[in-house]
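What the coordinates show
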Amino acid sequence: MSTTRVFRMAAAAVACTAIAGGLLASPACAAPGQEVTYGSTRQDTLRGEAPRDLLIGTAVAGGGHHETMDYDNPFYASPEYRTVLAGEFSSVTPENQLKWEFVHPAQGEYNFGPTDDIVAFARANKQEVRGHTLLWHSQNPQWLEQGEFTADELRAILKDHIQTVVGRYRGQIYQWDVANEIFDGRGNLRTTENIWIRELGPGIIADAFRWAHEADPEAKLFFNDYGVEGINAKSTAYYSLAQDLLADGVPVHGFSAQAHWDMRWGLPGDMTANLQRFDDLGLETAITELDVRMTLPEDGRPTDEQLAQQATYYTETLQACLDVAGCKSFTLWGFNDQYSWVPVFFSGSGAATVMFEDFETKPAYDALVQQLEAATPGTSPRR
Ligand code: G3I
């Protein structure tokens, strides 16, 4: 059974500071004499209650909006953050650390340190790592977007990037978002915004998958996008493209929906049907960036009604994944409101994650734990 909990671990600060200082092989943040209950024997956690074949993930804070906020990167600086990260999740996704502008800041120069730290943390805590992302229109470095490259040069740059980054983490990253957000809301390829498609044509998408597969034949290679949770023009564009690529023998293995919800709008009623049609194509599916934002009252604290409603958005999204046999990873885009991207992008909105800033769990957290507990092997159609 799960209960609402507050993770107050001030006493753990000394030991965890040591971990942040470089001893990443330690399991979680344990104070001397304090038992670590996470990740091994304790059951009432998200990862502890999940069916054996379902990974429960989170984004790991770093880069992007975190660089302009008034806090130190919690992955290094917050013992509580690290404890919950280790204890609650069986999969981690670098939130920005593998995006081009971060990992490839100058031509021919790579910045692998932050992802190396996450990979080491994951290994120490028996977690998998999702890779995000290789071919995208956003968060590209200026040297790339503003460079004057020929088509042949750009192609070589992309191939080298994919093979270098995927190759470095060969065997350590289980799923890659190879192509991210390549269609607009009407289901048209982003031929203007996306430098790769604009300069090299749509065929570059298949090449990106091929190059990633060469670099790590074991990794599952995904299309990833927002607004594709239900059946609509955008998700259907992915469906058609996936059919074509599979027919051509391109190594595409998965389709994932980000699931950034806003409670001003309802959920699509056909999430399961949508994921199922990709499953029927033989693709894995995943939920990769789930959060549920809301318009906050003046005091900034969500009401009980809002929190209860938020819980249903989380559980309905999880249910769609549980209902589809090949949906094997379910990832939240962060777990603590303090570090969420939402208030930075949407003024007046927030409270999108499953924990308050002090790590107090919300009804959404409890509802997920209970739902996972009820979905133990044997009671769901999972394969
Ligand atoms: O590039 C500008 C820079 O020129 C400017 O000086 C600086 C000052 O604010 O901002 C820089 O932009 C930041 C950007 O990351 C690039 O680093 C934004 O402020 C910052 O808000 C942004 O945040 C990230 C965002 O992706 C960018 O799209 C978030 O941390 C990250 O959570 C978010 O994650 C995306 C997924 O990758 C894809 N799906 C949607 C999801 C939410 O947007």
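Think of each chain on its own: its residues are numbered from 1, step by step along the sequence as written. Where local features are concerned, this predicted model is filtered to residues with pLDDT of at least 70; where side-chain atom pairs are given and counted, the filter is 80 or more; whole-chain, interface and lining totals use all residues. Note: side-chain values were computed over all heavy atoms of the structure, leaving out hydrogens and water.

Structural notes on the packing of helix α11 (residues 233-247) against helix α12 (residues 271-280)
To get an axis, a line is fitted to the C-alpha atoms, and for a helix only the part in contact is used. The angle between two axes follows their N-to-C directions and goes from 0 to 180 degrees. By definition, any uninterrupted DSSP run of H or I lasting at least four residues is a helix, any uninterrupted run of E lasting at least two residues is a strand, and each is numbered from the N terminus. Closest axis-to-axis distance for the α11/α12 pair is 10 Å, and the angle between their directions is 10 degrees. In terms of their interaxial angle, α11 and α12 are classed as roughly parallel. Across the interface between the two elements, S235, T236, Y238 and Y239 from α11 touch N274, R277 and F278 from α12. All residues other than Ala, Val, Leu, Ile, Met, Phe, Trp, Tyr, Cys, Pro, Asp, Glu, Lys and Arg, Gly among them, are scored as polar; the first ten of these are nonpolar and the last four charged. Tallied by class, the residues present in the contact of α11 with α12 amount to three nonpolar, three polar and one charged. Should an angle fall under 35 degrees it is called roughly parallel, over 145 degrees roughly antiparallel, and 65 to 115 degrees roughly perpendicular, with every other angle called oblique. Contact between two residues is taken to exist if any of their heavy atoms lie within 4.5 Å; hydrogens are not considered.

Quick word on the packing of aromatic side chains
Any two of the Phe, Tyr and Trp rings considered here, Trp counted by its six-membered ring, make a pair once their centres fall within 6.5 Å; the pair's planes then place it as stacked at under 30 degrees, edge-to-face at over 60, or tilted in between. Counted by the stated rule, this structure contains 20 aromatic pairs. Plain terms: the ring middles of Y110 and F112 are 5.3 Å apart, the flat faces sit at 0 degrees to each other, and that makes the pair stacked. Residue exposure (1.4 Å probe, protein chains only): buried if accessible area is under 20% of the type maximum, exposed if over 50%, otherwise partly exposed. A residue is classified by how much of its surface remains accessible, and Y110, at 23% relative accessible area, is partly exposed. Aromatic ring contacts, followed pair by pair, group F183, F209, F223, Y238, Y239, F255 and F278 into a single cluster. A cation over a ring is seen here: R82 above F75, with NZ or CZ 5.0 Å from the ring centre. Throughout this description, the term charge over a ring refers to an Arg CZ or Lys NZ atom that lies within 6 Å of the ring centre and within 35 degrees of the ring normal. In this structure, R293 packs its charged tip against the face of F346, placed 3.9 Å from the ring centre.

Here's the deal with the site of the ligand
Taken together, 18 residues are adjacent to the ligand, and H65, E95, K99, E101 and E289 come closest. Between the ligand and N96, the relevant distance is 3.0 Å, taken from an oxygen atom to a side-chain nitrogen or oxygen of the residue. Counting of polar contacts relies on pairs of N or O atoms within 3.5 Å, with two restrictions inside protein: one atom must be capable of donating a hydrogen and the other of accepting it, and residues adjacent in sequence are counted only when both atoms are side-chain atoms. At 2.5 Å, a side-chain N or O of E101 approaches an oxygen atom of the ligand. Assessed atom by atom at 2 Å from the grid points, the ligand resides in the largest pocket. Its residues placed into classes, the shell around the ligand shows four nonpolar, nine polar and five charged. Throughout, the term near means that a residue has one or more heavy atoms lying within 4 Å of the molecule or strand in question. Grid points spaced at 1 Å and placed over the protein atoms alone form the basis of the search, with a cavity being a set where a 1.4 Å probe fits but cannot get out and a pocket an open set showing protein on both sides within 12 Å along at least five of seven lines. Lining residues have an atom within 4 Å of a point. Each molecule is checked against the cavity or pocket grid, and it sits inside if more than half of its atoms lie within 2 Å of the grid points.

Things to note about the state of the cysteines
Cysteine sulfur pairs qualify as disulfides if the two atoms are within 2.5 Å. If you walk through the whole model with that rule in mind, you get one disulfide. Residue C321 pairs covalently with C327 via a disulfide, S to S 2.0 Å. Measuring handedness by torsion sign, the sulfur bridge of C321 and C327 sits at about -100 degrees and is left-handed. In terms of burial, C321 and C327 fall into one category: buried.

Comments concerning the pairing of strand β4 (residues 175-180)
For β4, a buried count of six out of six residues is recorded, marking the element as mostly surrounded by other parts of the structure. Only strands joined by at least two bridges in the DSSP assignment are considered to pair. Relative to β4, strand β3 (residues 128-135) is paired through four bridges, and the arrangement is parallel. Counterpart to R130 in the pairing with β4 is Q175. Two elements, β4 and strand β5 (residues 220-225), share five bridges in a ladder whose sense is parallel.

Brief notes about helix α13 (residues 304-323)
In a regular helix each residue adds 1.5 Å, so 20 residues correspond to 28 Å; α13 covers 28 Å between its end C-alpha atoms and thus fits that length. Of the positions making up α13, those classed as buried are Q306, L307, Q310, A311, Y313, Y314, T315, T317, L318, A320, C321 and L322. Among the structural elements, β7 (260-262), α12, β8 (284-295), β9 (327-332) and α15 (363-374) are those in contact with the buried residues of α13. To estimate the expected span of a helix, subtract one from its residue number and multiply by 1.5 Å.

So, the pattern of salt bridges
We define a salt bridge as a contact between a side-chain nitrogen of Lys or Arg and a carboxyl oxygen of Asp or Glu at a distance within 4 Å. According to the stated counting rule, one finds eleven salt bridges in the structure shown. A salt bridge links E193 to R190; the shortest N-O distance between them is 2.9 Å. A salt bridge links E199 to R198, with the shortest nitrogen-to-oxygen separation between them at 2.8 Å. Of the residues examined, E199 reaches a relative accessible area of 39% and is grouped as partly exposed. For R198, a relative accessible area of 36% puts it in the partly exposed group. By sharing partners, the salt bridges in this structure join R155, D207 and R210 into a single network.

Observations regarding the nonpolar core
The nonpolar side chains of a soluble globular protein tend to be buried with one another. Only buried residues count toward a nonpolar core. Its members are Ala, Val, Leu, Ile, Met, Phe, Trp, Tyr and Cys residues joined through side-chain atoms within 4.5 Å. W176, I182, W196, F223 and F330 are the most contacted members of the largest nonpolar core, which has 100 residues in total. Among the elements that take part in this core, helix α10 (residues 203-215) stands out by supplying eight residues, more than any other. Not counting the four nearest positions on each side in its chain, W176 is found in contact with L98, G131, H132, L134, V165, V166, A219, K220, L221 and F222. Counting five residues, the second largest nonpolar core, distinct from the first, contains A59, W341, V342 and A352.

Considerations on the layout of surface pockets
Estimates place the volume of the largest pocket at around 620 Å³. What lines the largest pocket is a set of 31 residues, among which E181, Q258, H260, W341 and F345 lie closest to the centre. The dominant element in the lining of the largest pocket, judged by the number of residues it contributes, is β7, at three residues. Partitioned by chemical class, the residues of the lining of the largest pocket number eleven nonpolar, eleven polar and nine charged. In terms of lining residues, the second largest pocket is bounded by 16 residues, among which D337, Q338, P343, A351 and E357 are the most central. Across the lining of the second largest pocket, the residue classes break down as nine nonpolar, four polar and three charged. Grid points are joined across faces, edges and corners, and a volume is the space filled by probe spheres set on the points.

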